[in-house]
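For reference, the chains in residue letters:
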Amino acid sequence: MAKPISSLKDIETIAVGSRPPGRPDDSGRGGRERPPSLPEGSYRLAMLFALASIGMLFLGFTSAYLVRQGLGGDWQPLDPPAILWANTLLLLMSSATLHRSRAFLRREAIREALWWLSMTVALGLLFLAGQYGAWRQLAARGIYLDTNPHSSFFYLLTAAHGVHILGGILGLGYITLRGWRRRLILMGTPDRLKHYDALVGAAALYWHFMDGLWVYLFILLFLWR
């Protein structure tokens, strides 16, 4: 006589069969090690897809910019606010600090790597503050979003880039905090350190792309005539 179904566990047993013996909280692995997490290359691949999407977005902005530039006589190019040069330098420095952080990670110098990661986050925040300062400088000169087509593109492109930089800061900040919290664990387990380095590597790919994108936008807005 068939056993009556009286619980969700009975339904699960019918659908997938009986679980192998093990602790109730280890999904039937019987105390064995957890299955491996995503391969390190997966982070990099996912990031490349994300960057391709962002690149397409800014290529669209570029096309609109070039078409509008050639349409009429109301195009009045702005002179770059002086603070933008300093902001560009800050962002390039942040790429250098992030590169140095990865070099320390590869040498398993965890504390030094986390210090340089923290420095990268701080430089990113300074860059965003500087971009806001550039907006304030333009507003003080009476240049706003709707002043002329070039100013509209300046505010649009710097805002779009700033949002992506903010996303990068949040990601790097999370990875940095996670590293500080687990520093002692990372020092004793090469596998965890390798996984952490893969995370930092994916974040570095994003950050270097954002740096290059800003240099490209700066040239497009102020040097390409």
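This text goes with the structure placed above it.
Keep in mind that what you see is a predicted model, and the values were worked out from it rather than measured.

Engineer: Which residues make up unusual backbone geometry, and what values do they have?
Structural biologist: One non-glycine residue, Glu 108, lies in positive phi territory at about 60°. Relative to the elements of secondary structure, Glu 108 occurs in the loop between α3 (83-106) and α4 (110-140).

Engineer: Give a description of the packing of α4 against helix α5 (residues 149-181) that names residues and reports values.
Structural biologist: With their axes 9 Å apart at the nearest point, α4 and α5 run at an angle of 160° to one another. Put simply, α4 runs roughly antiparallel to α5. Regarding α4 and α5, the two cross each other, and that crossing is left-handed. For the contact of α4 with α5, the per-class residue count stands at 19 nonpolar, 10 polar and 1 charged.

Engineer: How would you explain the packing of α5 against helix α7 (residues 190-223) if you had to name every residue and give the values?
Structural biologist: Where α5 contacts α7, the axes come no closer than 10 Å and their chain directions differ by 165°. When the axes of α5 and α7 are compared, the pair comes out roughly antiparallel. Remark: the crossing between α5 and α7 carries left-handed chirality. Considering only residue class, the contact of α5 with α7 consists of 20 nonpolar, 8 polar and 1 charged.

Engineer: Describe the pattern of salt bridges, listing the residues and the values that go with them.
Structural biologist: Considering all chains together, one arrives at 2 salt bridges under this definition. A salt bridge links Arg 68 to Asp 74; the nearest nitrogen and oxygen atoms lie 2.7 Å apart. Taking relative accessible area as the criterion, Asp 74 reaches 36% and is therefore assigned partly exposed. Put simply, Arg 102 and Asp 197 hold a salt bridge, and the shortest N to O gap is 3.4 Å. Linking Arg 102 in helix α3 with Asp 197 in helix α7, this pair joins segments that are 95 residues apart in sequence. Comparing Arg 102 with Asp 197, the two get one shared label, buried.

Engineer: Could you give an account of the packing of aromatic side chains, naming the residues involved and the relevant values?
Structural biologist: Under the defined criterion, the tally for this structure stands at 12 aromatic pairs. With a centroid separation of 5.3 Å and an interplanar angle of 85°, the aromatic rings of Tyr 65 and Phe 153 are classed as edge-to-face. Here the residue Tyr 65 occupies a position in helix α2 (residues 40-69), and Phe 153 occupies one in helix α5, the gap between them amounting to 88 residues. When sorted by exposure, Tyr 65 lands in the same class as Phe 153, which is buried. Ring geometry for Trp 75 against Phe 153: centres 6.1 Å apart, planes inclined by 50°, an arrangement best described as tilted. With Trp 75 in the loop between α2 and α3 and Phe 153 in helix α5, this pair connects stretches of sequence that are 78 residues apart. When its relative accessible area of 12% is taken as the criterion, Phe 153 is described as buried. Three or more aromatic residues link up through ring pairs in this structure, and these residues are Trp 85, Phe 127, Trp 135, Phe 154, Tyr 155, Trp 214, Phe 218 and Phe 222.

Engineer: An account of the environment of Gln 137 is requested, with residue identities and associated values reported.
Structural biologist: Structurally, Gln 137 is set in helix α4. Residue Gln 137 is classed as partly exposed on the basis of its relative accessible area of 32%. Once the C-alpha coordinates of Gln 137 and Pro 81 are considered, the two residues, 56 residues apart in sequence, prove to be 6.8 Å apart.

Engineer: For the environment of Phe 153, give the residues involved together with the corresponding values.
Structural biologist: Taking the C-alpha atoms as reference points, Phe 153 and Leu 221, 68 residues apart in sequence, are found 8.2 Å from one another. Not counting the four nearest positions on each side in its chain, Phe 153 is found in contact with Phe 61, Ala 64, Tyr 65, Arg 68, Trp 75 and Leu 221.

Cut-offs used in this document
- Residues numbered from 1 in each chain as written.
- Predicted model: local features only at pLDDT ≥ 70, side-chain atom pairs only at ≥ 80, totals over all residues.
- Heavy atoms only, no water.
- Helix = DSSP H or I, 4+ residues; strand = E, 2+ residues; numbered from the N terminus.
- Axes fitted to C-alpha atoms, helices over the stretch in contact; angles between N-to-C directions.
- Parallel < 35°, antiparallel > 145°, perpendicular 65-115°, else oblique.
- Left-handed = near helix turned anticlockwise from the far one by under 90°.
- Nonpolar A, V, L, I, M, F, W, Y, C, P; charged D, E, K, R; others polar.
- Salt bridge = Lys/Arg side-chain N within 4 Å of Asp/Glu carboxyl O.
- Buried < 20%, exposed > 50% of the residue type's maximum accessible area, 1.4 Å probe, protein only.
- Phe/Tyr/Trp six-rings, centres within 6.5 Å; stacked < 30°, edge-to-face > 60°.
- Contact = heavy atoms within 4.5 Å.

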